[in-house]
Structure formats: structure tokens, C-alpha cells
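The lines below spell out each chain.
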Amino acid sequence: MPDSMKRPNNAGGIGAERKQANPGPATLRTVRLSSSDPPLSVIFDLSGPVMFDQHLDSGSTSSTLTLYLKQVTPGSSVSRHIVFDKSIFHDVDINSDGGGTKVVLNTLPVSRYAVVPLEEPPRLLVTFTPLAGPAAVNPAADSSQDTPPIGPPPSDSDPGSP
């Protein structure tokens, strides 16, 4: 694991009490936003199950989630820089080395997030909760108007698209 990803006591990943064998090499096929409106989740389509480390850096103006996908290589059609610029999402950078792939996802400030591994087909669903509620999802919205609440994030059974 690169030094930039090393942290004491894995911050939210699989802890010592839940160690598992690495499932083996996989390919990152696509990175996309969920189909919900507004999208609050990013979906990583994979060729198989993966192990990963994760770390969230939150500031007053932005958040950055770093995922290190172990034994994963990006597919040839996956761009190394993807601009989302939709909802709370800004962009994503994808870099790989001999041990895996580092994905850096930049968003508006978030208060919580979850990385949910899905099996059929293999995916990682990464769901975020904006720090300031619905107004943060649409920064151009006039805060003096009533904004309807955001619905729950997509369920495991409907991660955004087939």
C-alpha cells in the first residue's frame, strides 16, 4: 500500500476482527453516478469481488474520499480523470500501481459515507450524506426557498441501474 494510504487502525474498512483472504485480481470496468435524482452515490463496476482500504478527509468546503482497491487494475476504457460536476460530486482521479488502484473522489462537504460491496454483479456502491442537507446538493439553489428533503440512498437491491 502506498505511504499516502497508510493509516493506523483502518479507518472504516475491514477491521482485525473481520479479516478475510484477498479474493484475487479484478478489473475496474466503469465508474458512474447512481441514477437517483440527485445522485448521492457512485458505483464502481468490477470484474470480481475486491478488498479495499478507505479514508475520508472532510473540510469546510469539500470532502475527499480515497479508496485503495487491492489487486485491481483499471480497464482500458476507464478514464484516469472523470469530471462529474453534478449534485455533490466534482471529479474522480484513478491511478494504479503494482498493488492496486487508488481512486480519489472529490465532493462537496459530506457528513457520512458508506462503501457497500455488492455481489451480483460485483460492484462497490459508495453513498454519501451531504454535510448541510438538501441545499448542499444544489449549490445554486436559493436557500430562502423551501427545498424538499432528499430521499434515502439507493438500497442494495437497486444500486442505480442494472
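Coordinates for the structure precede this section.
Residues numbered from 1 in each chain as written. Predicted model: local features only at pLDDT ≥ 70, side-chain atom pairs only at ≥ 80, totals over all residues. Heavy atoms only, no water.

Student: I tried to follow the pairing of strand E6 (residues 81-86) on my own but got confused; where do I start?
Tutor: Pairing of E6 with strand E7 (residues 89-97) involves four bridges; the strand directions are antiparallel. If you follow Ile82 over to E7, its bridge partner there is Val92. Hairpin connection from E6 to E7: two residues lie between these consecutive antiparallel strands, with Ser87 at a positive phi of about 60 degrees. (Pairing = 2+ DSSP bridges. Helix = DSSP H or I, 4+ residues; strand = E, 2+ residues; numbered from the N terminus.)

Student: What is the right way to read the sheet that holds E6 from this model?
Tutor: The pairing of strands in a sheet happens through backbone hydrogen bonds and is either parallel or antiparallel. In space, the five strands of this open sheet follow the order E3-E4-E8-E7-E6, with antiparallel pairing throughout. Edge positions in the sheet fall to strand E3 (52-58) and E6, since each of these pairs with one other strand and no more. The mean inter-strand angle of the sheet, taken between neighbouring strand axes irrespective of direction, is 15 degrees. Of the strand pairs in this sheet, strand E4 (residues 63-70) and strand E8 (residues 100-107) are connected by eight bridges, and their pairing is antiparallel. (Axes fitted to C-alpha atoms, helices over the stretch in contact; angles between N-to-C directions.)

Student: Sorry, what's going on with the pairing of E3 here?
Tutor: Note on strand geometry: in a regular strand, side chains alternate between the two faces of the sheet. Strand direction decides the pairing type here: E3 and E4, joined by seven bridges, are antiparallel. Bridging across to E4, His55 finds its partner in Thr66. Connecting the antiparallel pair E3 and E4 is a turn made up of four residues.

Student: Please clarify how the side chain of Thr64 should be interpreted in this entry.
Tutor: With respect to the helices and strands, Thr64 occurs in strand E4. Within the structure, Thr64 has its side chain in polar contact with the side chain of Asn106 (distance 3.0 Å). Once residues within four sequence positions are removed from consideration, Thr64 is found in contact with His55, Leu56, Asp57, Val104, Leu105 and Asn106. (Polar contact = N/O pair within 3.5 Å; in protein donor to acceptor, adjacent residues only side chain to side chain. Contact = heavy atoms within 4.5 Å.)

Student: Just checking my understanding: could you explain the sheet that holds strand E2 (residues 41-46) for this structure?
Tutor: The five strands lie next to each other as E5-E1-E2-E10-E9, forming an open sheet whose pairing is mixed. Two strands in the sheet have a free side with no partner beyond their single neighbour: strand E5 (72-74) and strand E9 (110-118). Sheet twist, expressed as the average angle between the axes of neighbouring strands with direction ignored, equals 25 degrees. Where strand E1 (residues 26-33) and E2 come together, five bridges link them in antiparallel fashion. Looking at E2, one finds that Leu33 is bridged to Val42.

Student: Hey, could you run me through the pattern of salt bridges in this one?
Tutor: Side chains bearing opposite charge may pair, as long as their charged atoms lie close to each other. Under the definition given, this model contains two salt bridges. In this structure, Arg32 and Asp45 form a salt bridge, with 2.7 Å as the shortest nitrogen-oxygen distance. Within this pair, whereas Arg32 is found in strand E1, its partner Asp45 is found in strand E2, the two being separated by 13 residues in sequence. Between Lys70 and Asp53 there is a salt bridge whose closest N-O contact spans 3.6 Å. Placement of the pair is Lys70 in strand E4 and Asp53 in strand E3, with a sequence separation of 17 residues. (Salt bridge = Lys/Arg side-chain N within 4 Å of Asp/Glu carboxyl O.)

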